[in-house]
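So the chains spell out like this:
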Amino acid sequence: MDSLLELKNELIKGQKLAMQGSYQRRAPSKKAIPHLLEARKGLKEYVKQYSNDALAWQLLSQAEEYLLNYNAALTALQNAVSLDKKDKKLLKRLALLKEYAGKWKELDMTSEQLQSLEIYLQEKLEVYGCDHTLVYTREWLDISTLHSKKAKIVRALQNQGGFCDCEVLMNVID
């Protein structure tokens, strides 16, 4: 698999299976991972040979982003922008990617932890409902993270609109 079209098709297949929103990334579905990894591997090889191909860099950025590798995604997209400075869509995408990468970094949680929190909150809220506090989020944090990180994570959740358990689900996780 070495043509850019084949790599793009493999990436698209992975993106469709990933079950992710445009910029609200979470861990890709297990079915998507092999396609995303294969596309990323091929695209990395491709840009080594054709380092002046802006589209290839853009596709590599997308593969990295879907795999939640934001630093690599930013680097690849910056390479694409440097090759095609007139493309306003690329510049806008770069700004959005920087913003979302910053939110993800601020949250300081892995995609697996976020998925675990989602399941925990869904189960608790289904049984007990939301009392408009972060009681279940804090419970999960007590169980699942270092105590020293708890306050920082709560602030990050609130910065993203998660002021109670149901808002964490709606505004941060979804």
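Use the structure listed above.
Attention in this report is confined to the structure presented alongside it.

Moving on: unusual backbone geometry. Positive phi, close to 65°, is recorded for Leu68, a residue that is not glycine. Of note, Leu68 is situated in the loop between helix H3 (54–66) and helix H4 (70–83). A relative accessible area of 14% means that Leu68 is categorised as buried. The backbone of Asp108 sits at a positive phi, close to 55°, despite the residue not being glycine. Secondary-structure assignment places Asp108 in the loop between helix H5 (88–107) and helix H6 (111–128).

Here we take up the pattern of salt bridges. What the rule picks out here adds up to nine salt bridges. Between Arg93 and Glu65 there is a salt bridge, and its shortest N-O distance comes to 2.9 Å. A residue pair is termed long-range when its members are at least 10 positions apart, and Arg93 in helix H5 and Glu65 in helix H3 qualify at 28 residues. Classification of Arg93 by relative accessible area gives buried; the value is 15%. Each of Arg40, Lys44 and Glu64 takes part in salt bridges that share partners, so that together they form one network.

We now examine the packing of aromatic side chains. Taken as a whole and assessed by the stated rule, the structure comprises three aromatic pairs. With 5.9 Å between their ring centres and 55° between their planes, Tyr70 and Tyr100 make a pair best called tilted. With a gap of 30 residues between them, Tyr70 in helix H4 and Tyr100 in helix H5 connect regions that are remote in the sequence. The interplanar angle of 25° and the centroid separation of 6.0 Å between the aromatic rings of Tyr128 and Tyr136 together place this pair among those described as stacked.

Each value, and the rule that gives it
- Residues numbered from 1 in each chain as written.
- Predicted model: local features only at pLDDT ≥ 70, side-chain atom pairs only at ≥ 80, totals over all residues.
- Heavy atoms only, no water.
- Helix = DSSP H or I, 4+ residues; strand = E, 2+ residues; numbered from the N terminus.
- Buried < 20%, exposed > 50% of the residue type's maximum accessible area, 1.4 Å probe, protein only.
- Salt bridge = Lys/Arg side-chain N within 4 Å of Asp/Glu carboxyl O.
- Phe/Tyr/Trp six-rings, centres within 6.5 Å; stacked < 30°, edge-to-face > 60°.

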